[in-house]
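# Examination of the molecular architecture
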Amino acid sequence: MDWLGIGVSIIGVALLILVLLLIRPLNKLAAVLSNLQKSTKNLPNQVEDLTSQARDTLSAGNDTLQTVNKQVKELSPIFYMLGDATRAANHASSSMADVVMKVREDKSEGNVFTSRNHLEGLYGMMTLVYFMIQTSKNRKTIDMS
């Protein structure tokens, strides 16, 4: 039993030395964990403040988008009118170009006369005026019916 007692005593002394060596690191670890607890104690309040600020910012952005959507809806008829006017002008100019090209391609006696006397510009202007008068008459008859 003597040997057993000596072995237990050696193990006890070894554990005592181990505890004495680990006291300092364990105290430092306890201090770190204490500081961590202090730091994270305010974390829920900070997260709540951040989420409320984000909610306010998103609400303001939503309000701004709704205002912009209202203004775009108010301007939509103007854009439609501009589109209609552009299509009408395009149609008129293409119709006029067709008429002018048809007259130019026609190799009649009047065409030879205008090119010989250099009257192409005047002839084009007269064609344009004639076409506008015809278009005006057509619109009046369409509007009347």
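Treat the numbers as computed from the prediction; the structure is a model and nothing was measured.

## Details of the overall build of the chain
Helices and strands together make up the secondary structure of the chain, namely four helices and zero strands. For the chain, the accessible area works out to roughly 13,100 Å², and carbon and sulfur atoms hold 66% of it.

## Regarding the layout of surface pockets
The calculated volume of the largest pocket comes to roughly 220 Å³. Along the walls of the largest pocket sit 11 residues, with His91, Ala92, Phe131, Thr135 and Arg139 positioned nearest its centre. Broken down by secondary-structure element, the contributors of at least two residues to the lining of the largest pocket are helix H2 (43-105) and helix H4 (120-144). In terms of residue count, H2 provides more of the lining of the largest pocket than any other element does, six residues in total. Residues that form the lining of the largest pocket fall into these classes: six nonpolar, four polar and one charged.

## Focus: a nonpolar patch on the surface
Together, Ile11, Leu15, Leu18, Leu22, Leu26, Leu29, Leu33 and Leu36 give the surface a local cluster of nonpolar side chains, amounting to about 760 Å² of exposed area. Here Leu29 is to be found in helix H1 (residues 2-41).

## Observations regarding the pattern of salt bridges
Inspection of the entire model under this criterion finds one salt bridge. Across the pair Asp84 and Arg87 runs a salt bridge, and its minimum N-O distance is 2.5 Å. Taken together, the positions of Asp84 and Arg87, both in helix H2 and three residues apart, correspond to about one turn of that helix. Residue classification places Asp84 among the partly exposed positions, given a relative accessible area of 45%.

## Examining the UniProt feature "transmembrane region" (unreviewed entry) in the chain
As annotated by UniProt and renumbered to match this structure, "transmembrane region" (unreviewed entry) occupies residues 6-23. In this annotation, residues 6-23 is assigned 100% helix and 0% strand; the end-to-end C-alpha distance for the span is 26 Å.

What counts as what
- Residues numbered from 1 in each chain as written.
- Predicted model: local features only at pLDDT ≥ 70, side-chain atom pairs only at ≥ 80, totals over all residues.
- Heavy atoms only, no water.
- Helix = DSSP H or I, 4+ residues; strand = E, 2+ residues; numbered from the N terminus.
- Areas by Shrake-Rupley, 256 points an atom, 1.4 Å probe, with all protein chains shown as cover.
- 1 Å grid on protein atoms, 1.4 Å probe; cavity = no way out; pocket = protein on both sides within 12 Å on 5 of 7 lines; lining within 4 Å.
- Points joined across faces, edges and corners; volume = space filled by probe spheres on them.
- Nonpolar A, V, L, I, M, F, W, Y, C, P; charged D, E, K, R; others polar.
- Patch = residues over 30% accessible without salt bridge, like charges linked within 9 Å, V, L, I, M, F, W, Y side chains within 5 Å.
- Salt bridge = Lys/Arg side-chain N within 4 Å of Asp/Glu carboxyl O.
- Buried < 20%, exposed > 50% of the residue type's maximum accessible area, 1.4 Å probe, protein only.
- UniProt positions renumbered as here; feature names shortened; annotations may be inferred.

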